[in-house]
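So you can see what is in the structure, the chains are spelled out below.
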Amino acid sequence: MPVAVEEVRGRAELAEILDLPLRLHAADPWYVPPLRALVLRRLDPANPFFRDASLRFFRARRGRETVGSVSLLLDERHDRHSGERTAFFGFFECERDPEAARALLGAVSERAAAAGATSLRGPRNVTRVEDVGLLIEGFGTRPPLLAGHHPPYYRELIEAEGFTKRFDMLAYDTPLFDAAGRRRELPEPLRSKAAAVDIPGLEVRRVSFRRVSRDMALAHAVFTEAYRTVPDVVPMSAAQFVSLGRVFVALADRNLIQLATVRGEPAAFAACLPELNEAFAAARGRLLPLGWARVAWALRRVRTASFKLIGVVPAFRSTGLHARLIQHVVDGLRAAGYERLEASLIHEDNAPMRHIVESAGCALYRRYRVYERPLGQREQVPR
């Protein structure tokens, strides 16, 4: 039976798409379904991200059965910042069916070209910090929060359609205690740098919940400068960053979200969250009717913390300030009873960030690949 690709219309069809990976990955013990409520929050048109972006969903069907899905993202902010005309595919899920994968990727390629894009890149579901890249190493591990989990054959399906590597995103981890239960100290060079920090006017403090909008504005200023030269990174708008930051503050121990200022000016920022996928795994993607109770019980057993954001403005990169923030956060992690530190996802060409996490003793445990394919004349004829 031939494959038919159609655009998803309405909430019922969207729900079917979001349920598809539950069926496809039901036998994979490492797959963690994202909470439906959080996914829908990201897809809400009120999300500040969609002020400059549009997202469409497509499904592949054989007869009445849905066998695959994909999305098409057009991000005007990315194009203005980079000078490119790039479209992104995401929410890619597919049975081991090369014909279905070809039809899905072909459909989004044609529509992307019709919209003026010259290349198609992905996977990327929504923003630059959520579900970016296809897992190609680390299949026998649980995915970190805001990162996906994919079977090895997805790589075969995508590469068979002419997509090649654009860049990799990396996930690191390290235990905080050794096998005998003894505290593992940070590497001595990092501890020495933390102790030697001497910056007049420096203040390092946790983010204030009562002043979260102001503190997130300071953190946004840090990341705009810290990531300005990192390849393929488009600075978030202030509204988008503050919206995401509110979620971080609500979910995290605020001792693990540190802000550094020098004479009141933003200098560095670090955010570490409980690795909520350890708890979300118990809900199997849904909070109702009993998922919320399972998550609440599992939250007390989370023993991994995840470094999601750390940045230092260029003027203070050689001062050891990054080491001071890491020391603050790791001390807080141990005091709170965490046993493992995870850091994800880091662009492979982000040498300063890789140096920070590797100097903290972290080792690579997962690799995600972002692919790209140029859009030629064939795709430029819309269906």
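Throughout this description, residue numbers start from 1 for each chain and increase along the sequence as written. Note on the predicted model: pLDDT of at least 70 is required for a residue's local features to be given, and 80 or more for side-chain atom pairs to be given and counted; whole-chain, interface and lining totals, by contrast, use all residues. Side-chain metrics rest on all non-hydrogen atoms present in the structure, leaving aside hydrogens and water.

Visitor: Can you break down the nonpolar core residue by residue, with the values?
Guide: By convention a nonpolar core is built from buried Ala, Val, Leu, Ile, Met, Phe, Trp, Tyr and Cys residues, the set being connected through side-chain atoms within 4.5 Å. Buried residues are those whose accessible area, probed at 1.4 Å on protein chains only, stays under 20% of the maximum for their type, while exposed residues exceed 50% and partly exposed ones sit between those limits. Counting residues in hydrophobic clusters, the biggest one holds 60 residues, and the most contacted among them are Phe269, Cys272, Phe307, Phe316, Leu321, Ile326 and Leu333. Residues within four places of phenylalanine 269 in sequence aside, it is in contact with Val207, Met216, Ala219, Val222, Phe223, Ile257, Gln258, Leu259, Leu309, Ile310, Gly311 and Leu325. Among the nonpolar cores identified, the runner-up in size contains 31 residues, and Phe58, Val70, Phe89 and Tyr371 belong to it. Here, two residues are considered to be in contact whenever any of their heavy atoms come within 4.5 Å of each other.

Visitor: Describe helix 1 (residues 10-24), naming the residues involved and giving the relevant values.
Guide: The terminal C-alpha atoms of helix 1, which comprises 15 residues, lie 22 Å apart, in line with the 21 Å expected from a rise of 1.5 Å per residue. The quantity called bend is, for any residue, the angle between two axes fitted respectively to the seven residues ending at it and the seven beginning at it. The helix count covers DSSP runs of H or I at least four residues long, the strand count covers runs of E at least two residues long, and both are numbered beginning at the N terminus. Along helix 1, the largest kink reaches about 30° and is centred on leucine 18; proline proline 21 follows within four residues of it. Taken as a whole, helix 1 has its buried residues at Leu14, Ile17, Leu18, Leu20 and Pro21. If you follow the buried residues of helix 1, they end up packed against helix 2 (36-43), strand 2 (53-62), strand 3 (65-75) and strand 4 (86-94). The span one expects for a helix is its residue count, reduced by one, times 1.5 Å.

Visitor: Tell me about the packing of aromatic side chains, and name the residues and values.
Guide: We call Phe, Tyr and Trp rings a pair once their centres come within 6.5 Å, taking the six-membered ring for Trp, and we label the pair stacked below 30 degrees between planes, edge-to-face above 60, and tilted otherwise. Overall, the coordinates contain seven aromatic pairs when judged by the stated rule. On the numbers, 5.1 Å between centres and 80° between planes, the contact of tyrosine 153 with tyrosine 154 is edge-to-face. Grouped by ring-pair contacts, the aromatic residues Phe89, Phe92, Tyr153, Tyr154 and Phe163 constitute a single cluster. The criterion for a charge sitting over a ring is simple: Lys NZ or Arg CZ within 6 Å of the ring centre, and within 35 degrees of the ring normal. Between arginine 124 and the ring centre of phenylalanine 88, over which it is positioned, the NZ or CZ distance is 4.4 Å.

Visitor: Outline unusual backbone geometry, supporting the account with residue identities and numerical values.
Guide: The peptide bond linking glycine 122 to proline 123 adopts the cis configuration, its omega dihedral lying at 0°. Relative to the helices and strands, proline 123 resides in the loop between strand 5 (119-122) and strand 6 (134-137). The omega torsion across serine 344 and leucine 345 is -15°, close enough to zero to call that bond cis. Counting through the fold element by element, leucine 345 comes out in strand 12 (residues 340-347). A positive phi angle, close to 70°, is found at leucine 146, a residue other than glycine.

Visitor: Quick rundown of the pattern of salt bridges? Include the residues and the values.
Guide: Two side chains carrying opposite charge are able to pair once their charged atoms lie near each other. Just to be clear on terms, a salt bridge is a Lys or Arg side-chain nitrogen sitting within 4 Å of an Asp or Glu carboxyl oxygen. A full pass over the atoms with the stated rule returns 35 salt bridges. Across the salt bridge formed by aspartate 19 and arginine 36, the nearest N and O atoms sit 2.4 Å from each other. With aspartate 19 in helix 1 and arginine 36 in helix 2, this pair connects stretches of sequence that are 17 residues apart. We classify arginine 36 as buried; its relative accessible area is 15%. Across the pair aspartate 75 and arginine 124 runs a salt bridge, and its minimum N-O distance is 2.7 Å. A residue pair is termed long-range when its members are at least 10 positions apart, and aspartate 75 in strand 3 and arginine 124 in the loop between strand 5 and strand 6 qualify at 49 residues. Assigned by exposure class, aspartate 75 and arginine 124 land together as buried.

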